[in-house]
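Report on the structure
Below are the chains, spelled out letter by letter.
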Amino acid sequence: MANDFKQKEPTKTEKVLYELMMRQEMTDRNLWTTSAHVIGLGMLLDIKPEQVADLLVNGQDKIKEYGQKINEAIEKLEKERKKTQPEEQEHNHAGHDHGHNHSH
């Protein structure tokens, strides 16, 4: 550690690029995990790969509608929870203020 002062500090651009690369890696991992879950569910439910492919290519309206129903159910559950547990809600979700939009 005594020789650390001899090392050049990264520039602001280098720091930003590093941060972007780390975020990209996390996005890649999250995408892989989501894909693995979808494949696993399809296999467990014995859904033919052709059906999944057809839905992904031709079922955008169905996917959007399904995602909207998920969002509506989440909103309803969150409202019910706020009514029954307002103090717990504030404590557990401090800083958790983003939408749960699942209509991809």
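Just above, that's the structure.
Computed from a prediction, not measured in an experiment: that's the story for all the values here.

1. Here's the deal with the overall build of the protein
When helices and strands are tallied, the protein shows four helices and zero strands. Beginning at the N terminus, the succession of helices and strands in the protein can be written as α-α-α-α. Across the 104 residues of the protein, 5% fall into the buried class. Total accessible area computed for the protein in this model is approximately 10,100 Å², and 58% of it derives from carbon and sulfur atoms.

2. Observations concerning the packing of helix H2 (residues 49-58) against helix H3 (residues 60-84)
For the pair H2 and H3, interaxial distance at closest approach is 6 Å and the crossing angle is 85 degrees. Our classification of the angle between H2 and H3 gives roughly perpendicular. Taking contact as the criterion, the partners of Leu55, Leu56 and Asn58 in H2 are, on H3, Gln60, Lys62 and Ile63. The class makeup of the residues in the contact of H2 with H3 is three nonpolar, two polar and one charged.

3. Some points on the environment of Glu25
Structurally, Glu25 can be placed in helix H1 (residues 12-44). What makes Glu25 partly exposed here is its relative accessible area of 36%. A distance of 2.8 Å separates a polar atom in the side chain of Glu25 from a polar atom in the side chain of Arg29.

4. Looking at the pattern of salt bridges
Taken as a whole, this structure holds three salt bridges when the rule is applied. A salt bridge links Glu25 to Arg29; the shortest N-O distance between them is 2.8 Å. One end of the pair, Glu25, and the other, Arg29, are both in helix H1, four residues apart, so they sit about a helical turn from each other. Classification of Arg29 by relative accessible area gives partly exposed; the value is 49%. Glu65 is the salt-bridge partner of Lys69, the closest N and O atoms lying 3.3 Å from each other. Placement of both Lys69 and Glu65 in helix H3 is noted, with a separation of four residues, approximately one turn of the helix. What makes Glu65 partly exposed here is its relative accessible area of 46%.

5. Thoughts on the environment of Asn58
As for its placement among the helices and strands, Asn58 is situated in helix H2. Of the residues examined, Asn58 reaches a relative accessible area of 58% and is grouped as exposed.

6. Remarks on a nonpolar patch on the surface
Together, Leu41, Leu44, Leu45 and Ile47 make up a nonpolar patch on the protein surface, roughly 440 Å² of accessible area in all. Looking at the secondary structure, you find Leu41 in helix H1. The exposure class of Leu41 is exposed, given its relative accessible area of 52%.

Cut-offs applied
- Residues numbered from 1 in each chain as written.
- Predicted model: local features only at pLDDT ≥ 70, side-chain atom pairs only at ≥ 80, totals over all residues.
- Heavy atoms only, no water.
- Helix = DSSP H or I, 4+ residues; strand = E, 2+ residues; numbered from the N terminus.
- Buried < 20%, exposed > 50% of the residue type's maximum accessible area, 1.4 Å probe, protein only.
- Areas by Shrake-Rupley, 256 points an atom, 1.4 Å probe, with all protein chains shown as cover.
- Axes fitted to C-alpha atoms, helices over the stretch in contact; angles between N-to-C directions.
- Parallel < 35°, antiparallel > 145°, perpendicular 65-115°, else oblique.
- Contact = heavy atoms within 4.5 Å.
- Nonpolar A, V, L, I, M, F, W, Y, C, P; charged D, E, K, R; others polar.
- Polar contact = N/O pair within 3.5 Å; in protein donor to acceptor, adjacent residues only side chain to side chain.
- Salt bridge = Lys/Arg side-chain N within 4 Å of Asp/Glu carboxyl O.
- Patch = residues over 30% accessible without salt bridge, like charges linked within 9 Å, V, L, I, M, F, W, Y side chains within 5 Å.

Shape descriptors only; they carry no functional weight alone.
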